[in-house]
Structures are given as structure tokens and as C-alpha cells.
Amino acid sequence: LSLRFPEKLWKMLESGKFQSIWWSESGKCVAINKDLFEVEVLGREGQQIFHTQKIKSFTRQLNAHGFTKMQRDFQRSASLPEFLAEEAAASAHSQILCYYNPGFNRAHPWLLETCKRR
């Protein structure tokens, strides 16, 4: 049985088997650790899930199915030490990609049907 891209993504998120991809706290966005995802998911030998080994192709699939990249908002502190600490945290999170699709919501699995390829 061949699953569509959104269904594969959903099963992957729900399996809990991968450390490189997870639901956001709200369950409305998909968070991806880019570097780890490339190794853990796209670099799998013989057991490819998404038929690609490139993150660019994977993100193209996300976009083709109506996902949009979300920007991470960081409020900046006025004090220099706090600002530098926040900068360090932001750079650590720079490899985290967040994608949103109104039809891809953990609390509403029945909306998955609305995630069609454009």
C-alpha cells in the first residue's frame, strides 16, 4: 500500500521513532531539525521513506502539498548579556525548520484529506 506524502509525514510524526521531526507544542506545525533529518530520514539506506536524499526535494514536496515555512520570532532583550545569550540560542535553533498547513493538524486528523498536491 503506497501512502500519499502527507500520510507518510503524519505516520512518521505519530510513530515517535524519529528525533529529527516532531509536532510543535500546539500540534499545528511540523518542526524539523534539518541536519539530523538529512541523516536520520533522508540518508536511510534501502529504506527510503520519501524517495529523496535531499532536503531541498523534501521541502519542495512540503510546498507542493500546501505547507508554508514559518518564521521563528525571537524578542530581543535590551541588556547585552541577555541579548548575546538569546543570539546563541537563536543560532542553535537556526537548523530547526517549521512548516504549517491548515489541513495538517494533530488534533484534527480528518483534515489530512484536504492536503492535496497543488
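Residues numbered from 1 in each chain as written. Predicted model: local features only at pLDDT ≥ 70, side-chain atom pairs only at ≥ 80, totals over all residues. Heavy atoms only, no water.

Threshold: UniProt positions are given in the numbering used here, feature names are shortened, and annotations may be inferred rather than shown by experiment.
The name given to the protein in an unreviewed UniProt entry is HSFY1 protein, with the source organism recorded as Dryoscopus gambensis. Among the UniProt annotations of the protein, the heading Sequence similarities (unreviewed entry) holds the following wording: "Belongs to the HSF family." Under the UniProt heading Subcellular location (unreviewed entry), the entry covering the protein gives this text: "Nucleus".

Section: the sheet that holds strand 1 (residues 21-23)
Which entries qualify depends on this criterion: Being paired, for any two strands, means DSSP has found at least two bridges between them. Here a strand is any run of E in DSSP of at least two residues, a helix any run of H or I of at least four, and the numbering for each starts at the N terminus. All axes here are fitted lines through C-alpha atoms, helices being fitted over the stretch that makes contact, and every angle between N-to-C directions spans 0 to 180 degrees. The contact definition used throughout considers only heavy atoms, calling two residues in contact when any of these lie within 4.5 Å.
A sheet is described by the order of its strands in space; here four strands give the open sequence 1-2-4-3, paired in antiparallel fashion. Both edges of this open sheet fall to strand 1 and strand 3 (68-70), since each of them pairs with a single strand only. Ignoring which end each strand starts from, the neighbouring axes of this sheet average 30° apart. Inspection of the sheet shows strand 1 paired to strand 2 (residues 29-33) by three bridges, in the antiparallel sense. Note on strand 2: the bridge partner recorded for W22 is A31. On the sheet, helix 1 (residues 5-15) packs against strand 1 and strand 2 and is oriented at approximately 85° with respect to strand 1.

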